[in-house]
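Chain and residue survey
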Amino acid sequence: MLDQLISDPTVRFVAFGTLKILVVFGVLMTFVAYAVLVERKLSALIQDRVGPNRTAPPLVLKIPVLGKLLQGWGIFQPMADGVKFFLKEDFTPDYVRKVYFWIAPAITVIPALLTIAVIPFGSRLGGEPMVIADLNVGILYTFGIVSLGVYGIVLAGWSSNSKYPFLGGIRSSAQMISYELAMGMSVVSVVLVTGDLNLGKIVEFQAAHGWLVFYQPLAFVIFLVSAFAETNRLPFDLPESESELVGGYHTEYSSMKFALFFMGEYANMIASAAMMVTLFFGGWSLPFVGAPAGTWLGGLLHIGIFLAKMIVLVLVFIWVRWMLPRFRYDQLMDLGWRRFIPLALANIVVTALVLAALKS
Amino acid sequence: MSNAAPNAPAPTAPPPVEKIRIKVDGREIEVPKTMPDWQGRPQPTTMLQACHLAGNEVPHYCYHEKLPVAGNCRMCLVEFGTPMMDPATRKPVLEADGSPRIARSVLPYEPQTPRGAIACATPISPGMELYPSSPATRQMREAVLESLLVNHPLDCPICDQAGECKLQEYSVEHGSGTSRFVEAKVHKPKAVDLGPRIVLDDERCILCTRCVRFTKDIAGDDALGIVNRGSYNTIATFPGRPFDNNYTLNTVDLCPVGALTSKDFRFKMRVWFLKETRSVCTSCATGCNITIGSREDTIHRYEPRGNDAVNGPWMCDQGRLNYRWIGRSDRLRDVLANGAKTTWKAAVDAVAARLAAAPSGSVAIVASARQTTEELHLIKKLADRLGAPTDSVPREGEADRLLVNADRNPNTNGARLTGISFTEAGIRLPGIADGIRAGTIRSLVVFGEDVTQHGIGADLLARLELLVASDILPNATTAAAHYVLPGCAHAEKRGTFVNAKGRVQRFLKAVEPKGDARPEAEFLRELLAGTGAGEVPATAEGLFNAMAREVPAFAGLEWAALGDAGVNVPV
Amino acid sequence: MTKVVDRKPLTFYERTYLPTLLEGLKVTARHFMRSVKGGNAALQLGDGYYPEVPWQVAEGYRGAPYLVRDQDGNTKCVSCQLCEFVCPPKAIRITPPGADGVPADRPNAEKMPREFEINMLRCIFCGLCQEVCPEEAIFLQKHYSLTGLTREEMIYDKERLLQLGGVHAGIQKWKHKLEEAREQDTFPVKTD
């Protein structure tokens with residue numbers, strides 16, 4: 001009976017799909033929480049400070065050595081932050097457009113989570129492909145979803161009915177739409193090389209032929225910079241630039257609604273890092289070695305490799321934030337429209353010509 | 001004293017005076033040959049006046065345009081030159097280009113050293129050249145300041161004059177940055193009690209004698225003088241006789257330094273914190289122009305504001321010190337209905353309904369000649385609507401020969417012109433009292449007066465069905481009133497008064513009203529609307545302009561045209 | 001006299017943002033490595049971190065402003081209110097003695113504040129009060145961490161400011177002036 005059920009492909013798909021979604025969501029949320037901690041710790045170290053080193057649940061300090069160490073690393077800080085966000089007063093100003101004001105945070109965080117669905121975060125584990133949705137139009141799906149993210153921010157800015165969020169919303173819409181173009185074009189050349197839109201296939205191509213970052217370095221640079229702009233991270237965080245717009249689009253938000261924007265930003269960052277690992281750094285593979293894993297151990301190893309690469313990229317994201325000052329708005333637009341888009345177009349043409357030459 | 005006395009008739013237009021041409025700092029200007037002196041009599045124009053007309057202010061301490069010239073401070077020394085005359089031919093000596101040669105004034109025994117003249121007392125002559133900005137003039141000023149500062153204690157941090165001190169100002173503008181004086185300064189008595197309102201600090205005195213001349217020549221009380229010699233000169237009163245006439249505090253204004261200070265204002269607030277608001281004194285019908293000095297809704301002092309048509313630059317001590325009641329702690333702050341606190345809306349609606357329902361002739365209104373003309377006009381409109389008799393309360397005192405008027409109400413003429421009171425204020429009051437006694441008057445509205453002091457006793461008030469009292473401070477009438485509407489002092493609202501000579505003068509708001517109190521015009525406006533008398537403008541400007549259209553006496557006047565000095569109307 | 005500064009156009013290499021990027025990488029990496037090795041000041045507190053181990057301020061540090069007394073224990077402030085006037089955040093509030101108040105409890109200058117309050121929540125430690133004070137009566141001292149449980153608690157009154165401020169030995173100009181005046185017993189008229 002049970003064997004029969006397991007062997008039934010529909011049941012298998014539903015059961016494993018649900019399991020994968022739950023595990024990936026859990027892992028992603030943990031990553032988000034600890035990305036915040038890492039961000040704080042790293043910034044502290046770069047700025048000659050100490051960073052969070054106070055929070056600890058009551059009994060942890062009783063543990064000799066380790067308790068003190070965990071506290072010093074601020075391991076429990078994300079939990080305290082979470083509790084704080086839940087307990088804060090969820091304030092809705094009187095003058096906002098309530099419905100849009102309430103759905104805007106959700107619209108921001110959902111696309112960030114949905115992007116993860118098509119990322120192959122491992123090869124195979126016990127015969128099951130390590131991707132939630134093995135779409136053969138994976139890249140197109142990703143771009144479709146990512147472009148939805150702008151709606152949350154624009155809605156937040158507009159519905160807040162206040163000048164700073166409004167300016168932030170306008171900036172973010174212009175910025176995200178501009179950089180989506182450059183980002184999309186940079187990926188076209190990647191697709192030209194691999195000849196497939198399925199992200200799993202792209203990873204397998206890299207496992208066989210080497211990482212795409214070596215084939216397409218220019219595409220990678222454009223993608224990386226565009227990813228900063230798409231995630232509203234420094235040096236392109238103009239939508240929320242504190243120095244001039246208070247908090248930008250989320251000025252009027254508090255408590256959990258603000259936390260959703262916060263989570264959205266970090267989830268976006270992690271999704272971008274995962275995307276870059278998949279497209280340019282060979283996903284779960286190591287350079288020039290590896291085929292889809294046959295054993296459980298190999299499958300876990302591949303997942304580990306993927307996560308390790310992703311964490312390195314997230315660290316780069318964080319590092320850059322504490323390294324570069326914010327761009328001016330005209331510089332940002334200039335970089336997007338007058339540098340990256342022509343470069344990406346040229347890259348496509350050159351790639352296509354080279355590929356055609358190689359074929360003939 | 002003709003011009004300085006405001007009670008004298010307004011001077012007729014002077015005949016045109018001859019003009020002469022002189023040069024100030026090399027620039028040729030034409031100035032009148034004579035100008036009015038401190039009494040308004042034509043006198044030869046002085047160098048100081050000529051420089052003023054040329055736009056160049058000559059620093060001075062002892063000179064004051066409304067005081068006799070003494071010429072003792074030497075601060076106004078100015079280098080000058082006169083056209084050279086050939087002693088033989090008695091003809092002007094000409095330069096090569098035909099212009100007259102100018103002989104700069106020099107010391108007779110030291111012809112290379114320029115010699116200045118005190119600009120306040122030296123008349124000009126045709127062709128004269130004045131050099132108020134020349135290096136020699138600057139040097140003279142610096143030297144005079146150095147000499148004045150020899151015995152000056154420099155206790156600016158504890159001196160009330162700091163901030164409006166001419167010695168500070170001129171030291172910055174004309175003085176030397178450093179002191180060469182190393183000897184011990186002469187120490188004179190400090191904090192000398194000169195009279196009930198004046199404290200003297202002899203160390204700070206620069207002996208300009210403005211105070212001496214004012215008390216002798218303006219106030220007519222020869223009370224002050226200078227005693228001792230040299231560095232020991234001090235201002236003093238006669239032994240055993242205090243300096244206590246009604247104009248002593250003007251000497252504090254006159255004193256260019258901090259020697260004479262007001263006991264009332266002593267150590268109270270630094271002058272640079274004070275917000276200055278143009279207003280009018282309310283203590284008598286003269287209506288002296290004043291400047292209210294306030295900080296954060298506290299009034300700290302009144303100062304006279306120059307207006308030659310009313311008070312000159314002076315005011316009496318009694319009026320100047322009559323401001324403390326505005327900040328009294330027992331001010332009416334709450335709107336009361338039968339002794340219980342209520343809201344303006346509830347009270348005004350209830351009063352308006354009761355008044356509108358009252359039969360014509362059963363309401364009487366007692367207004368106050370301390371109210372603004374606009375308020376009195378609105379009260380008159382209300383009275384016309386209700387068919388109510390009105391009057392204001394007279395308030396008499398003793399007049400003096402300088403400023404104080406026998407009528408102690410600031411706006412008796414306003415009450416008359418708006419029709420609140422008859423030619424003689426208060427003659428309708430006995431009629432109102434009789435009406436209450438007879439039972440024909442059953443409602444009484446009182447503004448700003450305690451009618452129990454003026455013939456309508458508490459027994460009569462007890463007979464009334466409705467007693468509405470609007471006032472600033474509590475009294476027997478407000479205690480008996482069914483409705484108490486807290487009003488504003490003149491410093492808390494804008495409006496106009498008409499003084500004894502018919503001068504319409506406006507005053508501006510200096511501080512916020514206390515508690516729930518509102519300007520009377522505001523709730524009168526609501527009462528008028530509530531009793532069906534129609535809408536009236538909400539602002540002081542609008543009210544005045546509307547009143548000027550409706551009241552014949554004010555025909556053609558406009559709020560903006562009143563200016564700071566006011567406009568005369570026939571009374 | 002205007003001075004024209006030559007602004008060189010950026011080279012192509014500079015316009016790629018690469019040099020600044022690398023410079024940023026270098027600076028941040030240097031600080032990061034120093035912090036990780038434990039070489040930065042914030043981590044070198046010995047026994048612990050800031051609230052437990054107070055930070056030792058440098059010589060010349062300018063913290064909270066307090067009133068001081070002179071070497072004879074007299075309040076130096078004469079209530080001239082210049083600090084109140086100059087205070088950019090309006091943190092200082094002085095109540096002068098007024099006509100009816102006790103002008104001074106000391107023999108020297110005849111005026112002193114009835115009340116002197118500094119709202120430490122408003123104070124920005126800018127030091128203009130010290131700069132402007134003609135009596136050397138207020139000084140920025142070493143306290144930098146002021147806390148309280150209520151807003152009222154953070155408004156320091158005269159007593160507290162004087163107690164925190166301590167003694168500052170100065171030139172005592174009022175005292176010398178008084179001594180000088182007492183020596184001059186030759187003044188011809190005694191007014192009182």
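Looking only at helices and strands, chain A features 15 helices and 2 strands. Its C-alpha atoms give chain A a radius of gyration of 22 Å, within 12% of the compact-globule value 21 Å for 360 residues. Expressed as lengths along the three principal axes of its C-alpha atoms, the size of chain A is roughly 65 × 55 × 45 Å. When the 360 residues of chain A are sorted by exposure, 51% land in the buried category. Contacts in chain A between residues far apart in sequence, at least 24 positions, make up 77% of those at least 6 positions apart. When the accessible surface of chain A is totalled, it reaches about 16900 Å², and 74% of it is carbon and sulfur. Side chains of chain A carry 25 positive and 22 negative charges; the gap between the two charge centres is 6 Å.

Attention now goes to the overall build of chain B. Helix and strand counts for chain B stand at 15 helices and 28 strands. Expressed as lengths along the three principal axes of its C-alpha atoms, the size of chain B is roughly 100 × 55 × 35 Å. Per-residue burial over chain B gives 54% buried out of 571 residues. Partitioning the intrachain contacts of chain B with sequence separation of at least 6 by distance along the chain shows that 66% fall at a separation of at least 24. Counting every atom, chain B has about 24000 Å² of accessible surface; 53% of that belongs to carbon and sulfur.

For the rest of this paragraph, the subject is unusual backbone geometry. Phi at Leu154 of chain B takes a positive value of approximately 60 degrees, unusual for a residue other than glycine. A positive phi angle is found at Lys90 of chain C, which is not glycine, with a value near 55 degrees. As for its placement among the helices and strands, Lys90 of chain C is situated in the loop between helix 3 (82-86) and strand 2 (92-95). Note on Lys90 of chain C: relative accessible area 64%, which makes it exposed.

Here we take up the pattern of salt bridges. For side chains of opposite charge, pairing can occur when their charged atoms come near one another. Tallied over the full model, the rule gives 63 salt bridges over all chains. Arg21 of chain B is the partner of Glu28 of chain B in a salt bridge, and the nearest nitrogen-oxygen pair spans 3.6 Å. Residue classification places Glu28 of chain B among the partly exposed residues on the basis of a relative accessible area of 45%. On the basis of relative accessible area, Arg21 of chain B is assigned to the partly exposed category, the value being 42%. Note that Glu203 of chain B and Lys190 of chain B form a salt bridge whose closest N and O atoms lie 2.9 Å from each other. With Glu203 of chain B in the loop between strand 12 (198-200) and helix 4 (210-218) and Lys190 of chain B in the loop between helix 3 (166-174) and strand 11 (192-193), this residue pair connects regions lying 13 residues apart in the sequence. What makes Glu203 of chain B buried here is its relative accessible area of 4%. The exposure class of Lys190 of chain B is partly exposed, given its relative accessible area of 28%. Overlapping salt bridges bring together Asp155, Lys190, Asp201, Glu203 and Arg204 of chain B together with Lys177 of chain C as one network.

Turning our eyes to something else, we now look at the side chain of Thr209 of chain B. Among the secondary structure elements, Thr209 of chain B is positioned in the loop between strand 12 and helix 4. Thr209 of chain B has contacts with Ala70, Asn72 and Ile226 of chain B, leaving out every residue within four places of it along the chain.

Next up on the list: the domain arrangement of chain B. Residues and elements named next belong to chain B. Examined at the domain level, chain B breaks down into domain 1 (19-148), domain 2 (156-178 + 185-327) and domain 3 (335-568). Between domain 1 and domain 2, the residue contacts involve 18 residues of the former and 21 residues of the latter. By the criterion of area lost to domain 2, the three top residues of domain 1 are Tyr61, Lys66 and Leu67, representing 35% of everything that side buries. Linking domain 1 with domain 2 are 1 salt bridge, by the criterion used here. Of the charged contacts, one joins Asp308 and Lys66 as a salt bridge, the two residues approaching to 3.3 Å between their closest N and O atoms. Across the domain 1-domain 2 interface, the total number found is 9 residue pairs in polar contact (both at pLDDT 80 or more). Each residue belonging to the side of domain 1 that touches domain 2 can be placed in one class, and the counts come to 12 nonpolar, 3 polar and 3 charged.

Our focus in this paragraph is the sheet that holds strand 11 of chain B. Residues and elements named next belong to chain B. Within the open sheet, the 3 strands sit side by side as 11-12-15. Their pairing is antiparallel. Where the open sheet ends on each side, the last strands, each with one partner, are strand 11 and strand 15 (260-262). Across 2 bridges, strand 11 lies against strand 12 in antiparallel orientation. When the bridges of strand 12 are listed, Asp193 appears paired with Val199.

In this assembly, 16 residues from chain A lie in contact with 18 residues from chain C. Between chain A and chain C the total buried area reaches about 1400 Å² when both faces are included, carbon and sulfur atoms providing 66% of it. It is Leu45, Asp48 and Met323 of chain A in chain A that bury the most area against chain C; as a group they hold 36% of the surface buried on that side. Our enumeration of links across chain A and chain C arrives at 1 salt bridge. Notably, a salt bridge pairs Arg34 of chain C with Asp48 of chain A, separated by 2.9 Å at the nearest N-O pair. The interface formed by chain A and chain C holds 3 residue pairs in polar contact (both at pLDDT 80 or more) in total. Only helix 2 (9-46) and helix 15 (329-359) of chain A provide two or more residues apiece to the side of chain A that touches chain C.

A few words now on a nonpolar patch on the surface. All names here are of chain A. On the surface, a cluster of nonpolar side chains totalling about 760 Å² of accessible area is made up of Val99, Tyr100, Trp102, Ile103, Trp158, Phe166, Leu167 and Ile170. Elements represented by at least two residues in the nonpolar patch include exactly helix 5 (98-115) and helix 8 (163-194). The element that contributes the greatest number of residues to the nonpolar patch is helix 5, accounting for 4 residues. Here Phe166 shows up in helix 8.

What follows deals with helix 2 (residues 135-148) of chain B. Along its 14 residues, helix 2 of chain B runs 20 Å from first to last C-alpha, staying within 8% of the 20 Å computed at 1.5 Å per residue. Tucked into the core, helix 2 of chain B has its buried residues touching strand 5 (77-83), strand 8 (110-114), strand 9 (116-118), strand 10 (129-131) and helix 3 of chain B.

Further remarks concern the sheet that holds strand 26 (residues 495-498) of chain B. Residue and element names in this part refer to chain B. Read across the open sheet, the 3 strands follow the order 26-27-28; overall the sheet is antiparallel. The sheet is open, and its two edges are formed by strand 26 and strand 28 (567-568), each paired on a single side. Of the strand pairs in this sheet, strand 27 (residues 503-507) and strand 28 are connected by 2 bridges, and their pairing is antiparallel. When the sheet's bridge partners are listed, Arg503 is paired in strand 28 with Asn568.

Once that is clear, we can look at the confidence of the model for chain B. Residue and element names in this part refer to chain B. The pLDDT averaged across chain B works out to 90; a share of 97% of its residues lies at or above 70. In the predicted structure, residues 1-10 sits below a pLDDT of 50 and forms 20 contacts with residues beyond four places in sequence or in another chain. In the predicted complex, the global pTM is 0.72; the interface-specific ipTM is 0.81.

Here we come to the environment of Glu492 of chain B. Residue and element names in this part refer to chain B. Mapped onto the secondary structure, Glu492 falls in the loop between strand 25 (483-486) and strand 26. Look at Glu492 and you get buried, because its relative accessible area is 0%. On a C-alpha basis, the gap between Glu492 and Arg518 in space is 8.8 Å, while along the polypeptide they are 26 residues apart. Setting aside chain neighbours within four positions, we find Glu492 in contact with Ile326, Arg331, Lys509, Val511, Glu512, Pro513 and Lys514.

Turning to the pairing of strand 2 (residues 27-32) of chain B, a few remarks are in order. All names here are of chain B. Strand direction decides the pairing type here: strand 1 (residues 19-24) and strand 2, joined by 6 bridges, are antiparallel. Counterpart to Lys19 in the pairing with strand 2 is Pro32. Count of turn residues in the strand 1/strand 2 antiparallel hairpin: 2 residues, of which Asp25 carries a positive phi of about 55 degrees.

Glancing now at the side chain of Asp202 of chain B. By the secondary structure assignment, Asp202 of chain B is in the loop between strand 12 and helix 4. Once residues lying within four places of it in the same chain are set aside, the contact partners of Asp202 of chain B are Lys188, Pro189, Val192, Thr234 and Ile235 of chain B.

Before going further, it helps to examine empty space enclosed by the protein. Applying the stated criterion across every chain yields a total of 7 cavities of 30 Å³ or more. Of the voids in this model, the largest cavity is the one considered here, and its volume is about 250 Å³. Lining the largest cavity are 23 residues, and of these Val146, Glu230, Thr231, Asn268 and Ser272 of chain A lie nearest its centre. Looking at the lining of the largest cavity, the elements that each hand over two or more residues are helix 5, helix 6 (138-146), helix 7 (149-159), helix 8, helix 11 (217-230) and helix 13 (255-280) of chain A. The biggest single contributor to the lining of the largest cavity is helix 13 of chain A, with 7 residues. Looking at the second largest cavity, its volume works out to about 100 Å³. Forming the walls of the second largest cavity are 13 residues, and the residues nearest its centre are Cys281, Ser283, Cys284, Cys316 and Gly319 of chain B. Taken together, the residues of the lining of the second largest cavity break down into 7 nonpolar, 5 polar and 1 charged. No fewer than three residues from each of domain 2 (156-178 + 185-327) and domain 3 (335-568) of chain B sit in the lining of the second largest cavity.

The rules behind each value
- Numbering of residues starts from 1 in every chain and runs along the sequence as written.
- Each chain takes a letter, starting from A, and each ligand takes a number, starting from 1, following the order in which they are written.
- Only residues with pLDDT of at least 70 are given local features in this predicted model, and only at 80 or more are side-chain atom pairs given and counted; all residues enter the totals for whole chains, interfaces and linings.
- Side-chain metrics in this entry use all non-hydrogen atoms of the structure; hydrogen atoms and water are not considered.
- For helices the rule is a DSSP run of H or I covering at least 4 residues; for strands it is a run of E covering at least 2, with both sets numbered from the N terminus onward.
- Radius of gyration: over C-alpha atoms. The globule rule applied is 2.2 Å multiplied by the number of residues raised to the 0.38 power.
- Burial here depends on accessible area, computed with a 1.4 Å probe over protein chains only, as a share of the maximum for the residue type. Under 20% is buried, over 50% is exposed, and the range in between is partly exposed.
- Contacts were defined at the residue level, with two residues in contact if any of their heavy atoms lie within 4.5 Å.
- What sets the accessible areas is the Shrake-Rupley method with a 1.4 Å probe; for residues, cover comes only from the shown protein chains.
- When charges are counted, Lys and Arg contribute as positive and Asp and Glu as negative, whereas His and the chain ends are disregarded.
- For charged residues, the charge sits on one atom: NZ in Lys, CZ in Arg, CG in Asp, CD in Glu.
- A pair is scored as a salt bridge if a Lys or Arg side-chain nitrogen falls within 4 Å of a carboxyl oxygen belonging to Asp or Glu.
- Start and end positions for the domains come from either an automated domain assignment or a database one.
- In short, buried area is how much 1.4 Å probe accessible area vanishes from two parts on joining, totalled over both.
- Here a polar contact is taken to be a pair of N or O atoms separated by no more than 3.5 Å, where protein atoms must pair a possible hydrogen donor with a possible acceptor and residues adjacent in sequence count only if both atoms sit in side chains.
- Note that Gly is not counted as nonpolar here; it falls among the polar residues with everything else outside the nonpolar set of Ala, Val, Leu, Ile, Met, Phe, Trp, Tyr, Cys and Pro and the charged set of Asp, Glu, Lys and Arg.
- The rule for pairing is simple: two strands pair if DSSP sees at least two bridges between them.
- Each patch is assembled from residues with relative accessible area greater than 30% and no salt bridge, linking like charges that lie within 9 Å and nonpolar side chains (Val, Leu, Ile, Met, Phe, Trp, Tyr) that lie within 5 Å.
- For a helix, the expected span equals 1.5 Å multiplied by the number of residues minus one.
- Here pLDDT means the predictor's own confidence in every residue, given as a number from 0 to 100.
- Put simply, the grid is 1 Å and covers the protein atoms alone, a cavity is a trapped set of points that fit a 1.4 Å probe, a pocket is an open set with protein on both sides within 12 Å along at least five of seven lines, and lining residues have an atom within 4 Å of a point.
- Grid points are joined across faces, edges and corners, and a volume is the space filled by probe spheres set on the points.

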